[in-house]
Amino acid sequence: MNSLEVFYDGGCPLCRREINYFRALKSRVPIIWLDLTDLTDLHAQLPPELDRCSALARMHVRVNGQVYYKGAAAFAMLWSQFAYWRMLGLLLKVQPVTWCADRLYSFFLKIRPQLQRWVQKQEKP
């Protein structure tokens, strides 16, 4: 694996916190972090096979500019690039675990708007 591109919702306070955490860590491969809410160069950043709505709805990772992963599989690809998260990332790649994690992620996405509002209230002074 040569590189990773992470497509994420920078407008989501939960997503921003997680991405900022991982950006501060040293990864095994170069990672390009693409905030889908940064409209300055969005069309140049978003590949034609990935539409903005799908990318904002759940996390996507592209490996070597070709293969896409979404949801739990995307987290597995990302996490496996960091020393302290590597084992969890590798475990998440095992099919029964991936399936269960995807179901949990889908549930999280349903309650994400409520969690976002709660986090935003916490961030305001």
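Asks: Help me out: how do you make sense of the overall build of the protein chain in this one?
Replies: The secondary structure content of the protein chain amounts to six helices and four strands. Helices (α) and strands (β) of the protein chain occur, in sequence order from the N terminus, as β-α-β-α-α-β-β-α-α-α. At 14 Å, the protein chain has a C-alpha radius of gyration in line with the 14 Å of a compact globule built from 125 residues. Oriented by its inertia axes, the alpha-carbon framework of the protein chain measures out at about 40 × 35 × 25 Å. Across the 125 residues in the protein chain, those meeting the buried criterion constitute 40%. Restricting to contacts in the protein chain with at least 6 residues of sequence separation, those with at least 24 account for 62%.

Asks: Got a minute to help me understand the packing of helix 1 (residues 13-23) against helix 6 (residues 95-123) in this structure?
Replies: In contact at an axis separation of 8 Å, helix 1 and helix 6 are set at 80° when each is read in the N-to-C sense. Accordingly, the angle class assigned to the pair helix 1 and helix 6 is roughly perpendicular. The residues of helix 6 that touch helix 1, namely those facing Pro13, Leu14, Cys15, Arg16 and Arg17, are Phe108, Arg112, Leu115, Gln116, Val119, Gln120 and Glu123. Looking at the contact of helix 1 with helix 6 residue by residue, the classes come out as six nonpolar, two polar and four charged.

Asks: Please explain helix 1 as it appears in this structure.
Replies: Taken together, the buried positions of helix 1 are occupied by Pro13, Cys15, Ile19 and Phe22. Tucked inside the fold, the buried residues of helix 1 contact strand 1 (4-8), strand 2 (31-35), helix 4 (72-79) and helix 6.

Asks: I'm lost on the packing of aromatic side chains in this one. Help?
Replies: Where two aromatic rings form a pair, the distance of their centres and the angle of their planes describe that pair. On inspection of all chains with the given rule, the structure shows nine aromatic pairs. Considering the side-chain rings of Phe7 and Tyr68, the 6.3 Å spacing of their centres and the 35° angle between planes classify their relative orientation as tilted. On the criterion of sequence distance, the pair formed by Phe7 in strand 1 and Tyr68 in strand 4 (residues 67-70) is long-range, its members being 61 residues apart. Overall, Tyr68 belongs to the partly exposed group, its relative accessible area being 23%. Aromatic pair Phe22 and Trp85: ring centres 5.3 Å apart, planes at 65°, arrangement edge-to-face. With a gap of 63 residues between them, Phe22 in helix 1 and Trp85 in the loop between helix 4 and helix 5 (86-92) connect regions that are remote in the sequence. Classification of Phe22 as buried rests on a relative accessible area of 2%.

Asks: Honestly, the sheet that holds strand 1 in this entry has me stumped. Any pointers?
Replies: Within a sheet, adjacent strands bond to each other through the backbone by hydrogen bonds, running parallel or antiparallel. Ordered in space as 2-1-3-4, the four strands form an open sheet in which the pairing is mixed. Because the sheet does not close on itself, it has two edges, and the strands there are strand 2 and strand 4. Averaged over neighbouring strand pairs, the angle between their axes works out to 20° when direction is ignored. Pairing between strand 3 (residues 60-63) and strand 4: four bridges, direction antiparallel.

Asks: What is the right way to look at the environment of Ser3 in this model?
Replies: Structurally, Ser3 is set in the segment before strand 1. With 59 residues separating them in the primary sequence, Ser3 and Arg62 have C-alpha atoms 8.4 Å apart. Apart from residues no more than four positions distant in its own chain, Ser3 is found in contact with Pro30, Arg62, Val63 and Asn64.

The rules behind these values
Residues numbered from 1 in each chain as written. Predicted model: local features only at pLDDT ≥ 70, side-chain atom pairs only at ≥ 80, totals over all residues. Heavy atoms only, no water. Helix = DSSP H or I, 4+ residues; strand = E, 2+ residues; numbered from the N terminus. Rg over C-alpha atoms; globule rule 2.2 N^0.38 Å. Buried < 20%, exposed > 50% of the residue type's maximum accessible area, 1.4 Å probe, protein only. Contact = heavy atoms within 4.5 Å. Axes fitted to C-alpha atoms, helices over the stretch in contact; angles between N-to-C directions. Parallel < 35°, antiparallel > 145°, perpendicular 65-115°, else oblique. Nonpolar A, V, L, I, M, F, W, Y, C, P; charged D, E, K, R; others polar. Phe/Tyr/Trp six-rings, centres within 6.5 Å; stacked < 30°, edge-to-face > 60°. Pairing = 2+ DSSP bridges.

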